[in-house]
Amino acid sequence: MHQYLKAIGFSNLNTKKELKELLLQVQEQFTHQITVSYKNCTDYCEYQKEYGQDMGITLLGELDEEENFEADYYFPYFEGSGITTYADVAIDRKIDKEDYIGICEDPRVGISLIFHLQNGIEYMREKQIGLSSGVSTSVTFSGLALSGKILFPVSRNESQVKKEKKASENRKMLLSAARGGDQSAIESLTLDDIDTYSKVSRRLASEDIFTIVDTYMMPYGIECDLYSIMGKIIAIRKRENALTKEEVYQLKLDVNELQFDVCVPVKKVLGEPQIGRRFKGTIWLQGTLNF
């Protein structure tokens, strides 16, 4: 059973029988359906059912010539808003099923971001008509979280904000140059990292880490698309699962200058979300390619 079903309001789903009934409901009462040519006498079909605004369950599988559907896999989804990044995206298929992951690099984060591709069946269709494997397009990220904490913002004056913004712009330029093989940029980044480590080590003697680090995004555990994040809250919505009536927060966050939405159960959030405060948690990162 997919553990991130809890993130969209299915916390009381406990048995395989209940899950089977839920997936049957998705298949029979879907709100969206897409079918693409797959193999001889077989199509690949996606059923999607909304259980609240911008969230629901996607069920995929084969559809034979007699319209018999055989489920392959499913996943809970949460659709983000806006555009998170413009980047070259590499798409790769998982070994055992028609499930896709995407990889892109954004200089604002400084690491390769790996995400579960929400519109994999659209990618299959685009690939059939000639889309290359390295896609240059925009990506909309979103995240599902099982729990989270709300932290107060870090107090900064206008001068500090301007200084940090300038340093961020300079670092992005250096990262871009370093990816192109610029040796001086690589050396500058190395020296900056050493200097940052030294400053943080001195401040940790008398300050809490979360007063030093404003936002972050880093890989979590051994799953490639799980991330530990902390981001500033810039918008809040409270929504309800139409079937279970469980409430969830849909938060728009600014994480290392990346903006994306996160969905988390209300009862699993410690603290009161407010614009300007920070959200800290672990997310399953999803992404949609904007073809």
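Residues numbered from 1 in each chain as written. Predicted model: local features only at pLDDT ≥ 70, side-chain atom pairs only at ≥ 80, totals over all residues. Heavy atoms only, no water.

Undergrad: Would you explain the nonpolar core in this entry?
TA: Counting 66 residues, the largest nonpolar core has Ile57, Ile229, Phe260 and Phe279 as the members making the most contacts within it. Take this core: its biggest share by element is 6 residues, from strand E4 (residues 69-78). Counting residues in hydrophobic clusters, the runner-up holds 5 residues, among them Leu174, Ala178, Ala185 and Leu189. (Core = buried A, V, L, I, M, F, W, Y, C linked by side-chain atoms within 4.5 Å. Buried < 20%, exposed > 50% of the residue type's maximum accessible area, 1.4 Å probe, protein only. Helix = DSSP H or I, 4+ residues; strand = E, 2+ residues; numbered from the N terminus.)

Undergrad: Teacher, can you tell me more about the packing of aromatic side chains here?
TA: Two aromatic rings are characterised by how far apart their centres lie and by the angle between their planes. By the definition in use, this model includes 7 aromatic pairs. Relative to tyrosine 51, the ring of phenylalanine 10 lies with its centre 5.2 Å away and its plane at 85°, an arrangement referred to as edge-to-face. Highlighted residues: phenylalanine 10 in the segment before helix H1 (16-28) and tyrosine 51 in strand E2 (residues 42-52), separated in sequence by 41 residues. What makes tyrosine 51 buried here is its relative accessible area of 3%. By way of ring pairs, the aromatic residues Phe30, Tyr47 and Phe69 are connected into one cluster. Over the ring of tyrosine 51 we find lysine 49; its NZ or CZ atom is 5.4 Å from the centre of that ring. (Phe/Tyr/Trp six-rings, centres within 6.5 Å; stacked < 30°, edge-to-face > 60°. Lys NZ or Arg CZ within 6 Å of the ring centre and 35° of its normal.)

Undergrad: What exactly am I supposed to notice about the side chain of aspartate 261 here?
TA: Here aspartate 261 shows up in strand E13 (residues 258-265). You can call aspartate 261 buried: its relative accessible area is 0%. At 2.8 Å, the side chain of aspartate 261 forms a polar contact with the backbone nitrogen of serine 81. Beyond its immediate chain neighbours, meaning those up to four positions away, aspartate 261 contacts Phe78, Gly80, Ser81, Phe141, Ser142, Gly143, Leu251 and Lys252. (Polar contact = N/O pair within 3.5 Å; in protein donor to acceptor, adjacent residues only side chain to side chain. Contact = heavy atoms within 4.5 Å.)

Undergrad: How should the environment of phenylalanine 279 be read in this particular structure?
TA: With respect to the element layout, phenylalanine 279 can be found in strand E15 (residues 278-290). Residue phenylalanine 279 is classed as buried on the basis of its relative accessible area of 0%. Separated by 27 residues in the primary sequence, phenylalanine 279 and lysine 252 have C-alpha atoms spaced 9.8 Å apart.

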